[in-house]
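Residue strings, one per chain:
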Amino acid sequence: MEKEKNKIRIEGVMQLTEVIANLEKLVSDMKSGVVTLAAGDEALTLAPSVLVNVEMKASQKKDKEKFALEISWKKHKEIEGGFAEAGA
């Protein structure tokens, strides 16, 4: 059985103030427990787990600096009227 995969990618040049606004919205969404990312007429809603994997990378070259942040988690599975972590 093939797993369904939904994906949205946003990339391009933005003003720093717009990046900050997007990051602040991400923080607010994470606190509420529902993260929604929209691009055009497409949207993807995620439900972060209590435990998340975090990867942060930074690099610096002569004329370029880079920072990357990746956050991932396992989905919850509903079992017998309650919730349990996937893989539990």
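First, a word on scope: everything that follows refers to the structure included in this document.

### What to know about the overall build of the chain
If you tally the helices and strands in the chain, you get one helix and six strands. Scanning the chain from its N terminus toward the C terminus, one meets helices and strands in the order α-β-β-β-β-β-β. For the chain, the proportion of its 88 residues judged to be buried stands at 7%. Counted over contacts in the chain with a minimum sequence separation of 6, partners at least 24 positions apart contribute 26%.

### Describing the pattern of salt bridges
The final tally for this structure, using the stated rule, is three salt bridges. Across the pair E11 and R9 runs a salt bridge whose closest N-O atoms are separated by 2.8 Å. With relative accessibility at 63%, the residue E11 sits in the exposed group. A residue is classified by how much of its surface remains accessible, and R9, at 67% relative accessible area, is exposed. With a shortest N-O distance of 2.7 Å, D29 and K25 are connected by a salt bridge.

### Points about the layout of surface pockets
Reported here for the largest pocket is a volume of approximately 2,400 Å³. Lining the largest pocket are 42 residues, and of these I8, L37, L46, L69 and I71 lie nearest its centre. Within the residue set of the lining of the largest pocket, elements represented by two or more residues are helix 1 (16-32), strand 1 (35-39), strand 2 (42-46), strand 3 (53-60) and strand 4 (65-72). Top element by residues in the lining of the largest pocket is strand 4. It accounts for eight residues. For the lining of the largest pocket, the class distribution of residues is 20 nonpolar, seven polar and 15 charged.

Cut-offs used in this document
Residues numbered from 1 in each chain as written. Predicted model: local features only at pLDDT ≥ 70, side-chain atom pairs only at ≥ 80, totals over all residues. Heavy atoms only, no water. Helix = DSSP H or I, 4+ residues; strand = E, 2+ residues; numbered from the N terminus. Buried < 20%, exposed > 50% of the residue type's maximum accessible area, 1.4 Å probe, protein only. Contact = heavy atoms within 4.5 Å. Salt bridge = Lys/Arg side-chain N within 4 Å of Asp/Glu carboxyl O. 1 Å grid on protein atoms, 1.4 Å probe; cavity = no way out; pocket = protein on both sides within 12 Å on 5 of 7 lines; lining within 4 Å. Points joined across faces, edges and corners; volume = space filled by probe spheres on them. Nonpolar A, V, L, I, M, F, W, Y, C, P; charged D, E, K, R; others polar.

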